[in-house]
Each structure stands twice: as structure tokens, then as C-alpha cells.
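Spelled out from the first residue to the last, the chains are:
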Amino acid sequence: HLEELYNSQPVVATTCMGINHPIFTRRRFDFCIVDEASQISQPVCLGPLFYASRFVLVGDHQQLPPLVQSAEARDLGMNESLFKRLEQNKEAVVQLTVQYRMNSQIMAVTNKLVYEGKLECGSERVGAATVHLPNLKDLKLEMELFTDCSETWLKDILEPSNAVCFLNTEKVPAPETADKGGVSNVTEAKLVSFLTSLFIKAGCKSCDIGIIAPYRQQLKIISDLLASSSISNVEVNTVDKYQGRDKSVIIVSFVRSNTDGNLGDLLKDWRRLNVAITRAKHKLIMLGCVPALCRYLCLESLICYLSTEKKILALPTGTIEHLALAACV
């Protein structure tokens, strides 16, 4: 019965490893389409291609490559996908430059940093889309009672027309900590939790908010803070886990903030940064210490661009203390 059902279907979907099932040896396909091909190692990607007369690889080598844990294997080229390798044959490559996820402000960031201005929005509706906050007016009125004029950044960050914001934590301050659990930044985590609660109060659905951080310890702290505030259905994950995903609102915590020059490796990869900033459809909020992050070449380029576009908001000293009052709204 399984073989009969399988042979009657014009389209069969499986993972690359799924072709190991014996039933695949009994049928040949006209086409094999491999999605997210830039993330798949060459040996794994090659398997399904043997079952079809022609193949199409779909992906973006400007985003995350295959995950290879062995440093030796990476050095020997294991992290180069077949997609990347075949790109050398220009006649076989078609550039898809129309995108339907990001609004025009968010798209402009990655266009400047990665895609050389080639991306364009699929329609005016996509380009002009903003986050839906039906309770924003009421929230602003309540916030005026509980916050002073120094908290204008809160209004700026909630404004739907401000699709891209970078919160500079340099003066807060927000130092990182490192222990056996990993690298984290408690102050940034508190800011992320507070901002999440604000957007939910403004009417954004919790399932439309995504939180990204490069370190698992930071994700754990953020998740614990959200749970203690009875906030659920907000997806908190690493950049790698968000590949191929999107949310209306994305909040990125960069975590690193030190004076000893310890950079780590996770924030050095511009492809990982590109994935992080292209997950948001309507609102992209980033948090980090500008001087510390500027030591990363790719982040320096991002920060320079955002500074030119006046997208960086400097948080005042004592922000965390002031948030405790605003949280009572």
C-alpha cells in the first residue's frame, strides 16, 4: 500500500537523509528541488540528486553554511555547500532579487551590508508594512504618567514607522558575564524581556515576536525572565535555529560587552549577522554596546550604517532602574 501511494503522487517531499528509505530506489523523478541548499554539506546534498534527471538548488550562500563541528573538516572544505561550489558556473545561476518578507527599512540594512542594493520588495504593500499595535495609543498615555522625558527612547522604539532601531547600552551600563554556563548579559536580557512585554501590551501577539541571541546562556536567562513575567509563546532561539524563519518583530541581543578585547567567534561571521537582521518582517530591534561591538568588522559596518541613518538610540544611565517603574504600567 505504501508503494502504491508513493507511486501515485506527482510530488514527494522528504529530507535529504530520507532518501535512504528503500522505496526511493523504485522510482525516478523528473526533477529534484533542494531547498535551503546552501546549508547542506556536499555529500548529504548529492544523495537525492541521483534519483532525478535534473535538479534545482535553492538557497542563499550569503547566509549560514553547513554546520561542521570538526575544525579540521572545515579547513579541508567540508563547510562549502554544493550550492556555493556550483555558483562558479555563472550560466547555471539565477539571482532572485525580489523578496516578500521585510519591509523597505529592514531590507535597506541588508541591502547595504550584503546584497549591494540588489534586493527589492515584492510589492508596495510589503515595503510599507508596519507592525500592528492596536493598543499603542492607550499604552503611550499610560506611559506618560509613569515615565519622564528622559525615556523618549521608549516612544521611539514603539513607533511602528521606526522599523529599525539599535539600542546602545554603553551608558546603562550592561557588562557581559562569563561562567561555566557560558557568556551572558543580564542587563540586556532584562531590557529584552521589558521590550517584549511592552509590545504585547501594545497589542502585538506574543507568537509574532522572536528573540535572537548568539549564546545559549543568554537565551536561558531571557526565557526565565519571560516565564517569571508570565509571557509565553515568544520564540527565543539562536541565529542558527532561526534560519528560514521570520517574525513580525525580532529583538536581537548581541550580548558581548567587555573592555578586555575578548571577542569570541560567533559574532565574527557576517553570514550569521545577515540571518539575524533578515528574520524581521516589520520591526527589527537590536541591543548592544556600540564601542565593544565595533571591534567586530561586520558589526562595525552595521553600526556605521545605522549611525548614518540615525537609527541608534543611546540609552541613558540608570535605564534598568527606570524600567522597574515603567513596568508597573
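Each remark here, short or long, concerns the structure printed above.
Figured I'd write up the structure that's included with this text. In this text the structure is predicted, and so the values were computed from the model without any measurement.

## Considerations on helix H5 (residues 104-113)
Logical step 1: Those residues of H5 lying buried are Ile106, Met107, Val109, Thr110 and Asn111.
Logical step 2: Close packing links the buried residues of H5 with strand S3 (98-99), strand S4 (120-121), strand S5 (164-168), helix H12 (270-277), strand S11 (280-288) and helix H14 (297-308).

## A short note on the packing of helix H9 (residues 186-201) against helix H10 (residues 216-228)
Logical step 1: In contact at an axis separation of 9 Å, H9 and H10 are set at 45 degrees when each is read in the N-to-C sense. The angle between the axes of H9 and H10 places the two elements in the oblique class. Crossing of H9 against H10: the hand is right-handed. Contacts between H9 and H10 involve Val186, Glu188, Ala189, Lys190, Val192, Ser193 and Thr196 from the first element and Gln218, Ile221, Ile222, Leu225 and Leu226 from the second.
Logical step 2: Residues of the contact of H9 with H10, tallied by class, amount to seven nonpolar, three polar and two charged.

## Quick word on the pairing of strand S10 (residues 247-253)
Logical step 1: In terms of burial, S10 is a largely internal element, seven of the seven residues being buried.
Logical step 2: The pairing of S10 with S11 spans six bridges and is parallel. Within S11, the residue paired with Ile250 across the bridge is Leu284.
Logical step 3: In this region the chain leaves S10, passes through H12 and returns to the parallel neighbour S11; the handedness of that crossover is right-handed.

## Notes on the side chain of Thr319
Logical step 1: Following the sequence through the fold, Thr319 ends up in helix H15 (residues 319-326).
Logical step 2: A distance of 2.4 Å separates a polar atom in the side chain of Thr319 from the backbone oxygen of Pro316.
Logical step 3: Those residues within four positions of Thr319 in sequence are excluded, and the remaining contacts are Trp153, Val172 and Leu191.

## Description of the sheet that holds S10
Each strand in a sheet pairs with its neighbour through backbone hydrogen bonds, running either in the same direction (parallel) or in the opposite one (antiparallel).
Logical step 1: With parallel pairing, the six strands of this open sheet are ordered in space as S9-S8-S10-S11-S5-S12. The open sheet has two edge strands, strand S9 (235-237) and strand S12 (312-314), and neither has a second partner. Mean inter-strand twist for the sheet, computed between neighbouring axes without regard to direction, equals 20 degrees.
Logical step 2: The strands that H9 touches are S5, strand S8 (209-212), S10 and S11; relative to S11, the one it contacts most, it runs at about 150 degrees.
Logical step 3: Together, S8, S10 and S11 form the strand contacts of H12, whose direction differs from that of S11 by roughly 125 degrees.

## Regarding the nonpolar core
Logical step 1: Among the nonpolar cores identified, the biggest contains 41 residues, and Trp153, Leu167 and Ile251 are the most heavily contacted of them.
Logical step 2: Elements that contribute at least two residues to this core include exactly helix H7 (136-146), helix H8 (152-158), S5, H9, S8, H10, S10 and S11.
Logical step 3: By residue number, the principal contributor to this core is H9, which donates seven residues.
Logical step 4: Each residue touching Leu167, except ones within four places of it in the same chain, is listed here: Trp153, Ile157, Leu195, Ile285, Met286, Leu287, Gly288, Leu313 and Leu315.

## A look at the pairing of S5
Logical step 1: Within S5, five of the five residues are buried, which leaves the element mostly enclosed by the surrounding structure.
Logical step 2: The pairing of S5 with S11 spans five bridges and is classified as parallel. Counterpart to Asn168 in the pairing with S11 is Gly288.
Logical step 3: Strand direction decides the pairing type here: S5 and S12, joined by three bridges, are parallel. Note that in S12 the partner of Phe166 across the bridge is Ile312.

## Some points on the packing of aromatic side chains
Logical step 1: Under the counting rule described, the total for this entry stands at four aromatic pairs.
Logical step 2: Centroid distance Tyr6 to Phe29: 6.4 Å. Interplanar angle 75 degrees. Geometry classified as edge-to-face. Pair noted here: Tyr6 is in helix H1 (residues 2-8) and Phe29 is in strand S1 (residues 29-34), with a separation of 23 residues, a long-range link.
Logical step 3: Since its relative accessible area comes to 8%, Tyr6 is described here as buried.
Logical step 4: By relative accessible area, Phe29 is classed as buried at 14%.

## Regarding the pattern of salt bridges
Logical step 1: Applying the stated criterion across every chain, the model contains 12 salt bridges.
Logical step 2: Asp265 is the partner of Lys268 in a salt bridge, and the nearest nitrogen-oxygen pair spans 3.6 Å.
Logical step 3: With relative accessibility at 47%, the residue Lys268 sits in the partly exposed group.
Logical step 4: In this structure, the salt-bridge partner of Asp269 is Arg271, at a minimum N-O distance of 3.2 Å.
Logical step 5: Beyond isolated ion pairs, a larger network of salt bridges with shared partners links Glu235, Arg245 and Lys247.

## Re unusual backbone geometry
Logical step 1: Looking along the chain, the bond that leaves Val172 and enters Pro173 is cis, with omega of -10 degrees.
Logical step 2: Along the chain, Pro173 falls in the loop between S5 and strand S6 (177-179).
Logical step 3: Within the chain, Glu116 stands out as a residue other than glycine whose phi angle is a positive 55 degrees.
Logical step 4: Its place among the elements puts Glu116 in the loop between H5 and S4.
Logical step 5: With a phi angle near 55 degrees, Lys310 is a residue other than glycine that sits in the positive phi range.
Logical step 6: Within the fold, Lys310 resides in the loop between H14 and S12.
Logical step 7: The exposure class assigned to Lys310 is exposed, which follows from its relative accessible area of 73%.

Reading the values: rules and limits
Residues numbered from 1 in each chain as written. Predicted model: local features only at pLDDT ≥ 70, side-chain atom pairs only at ≥ 80, totals over all residues. Heavy atoms only, no water. Buried < 20%, exposed > 50% of the residue type's maximum accessible area, 1.4 Å probe, protein only. Helix = DSSP H or I, 4+ residues; strand = E, 2+ residues; numbered from the N terminus. Contact = heavy atoms within 4.5 Å. Axes fitted to C-alpha atoms, helices over the stretch in contact; angles between N-to-C directions. Parallel < 35°, antiparallel > 145°, perpendicular 65-115°, else oblique. Left-handed = near helix turned anticlockwise from the far one by under 90°. Nonpolar A, V, L, I, M, F, W, Y, C, P; charged D, E, K, R; others polar. Pairing = 2+ DSSP bridges. Right-handed = clockwise from strand over helix to strand, strands pointing away. Polar contact = N/O pair within 3.5 Å; in protein donor to acceptor, adjacent residues only side chain to side chain. Core = buried A, V, L, I, M, F, W, Y, C linked by side-chain atoms within 4.5 Å. Phe/Tyr/Trp six-rings, centres within 6.5 Å; stacked < 30°, edge-to-face > 60°. Salt bridge = Lys/Arg side-chain N within 4 Å of Asp/Glu carboxyl O.

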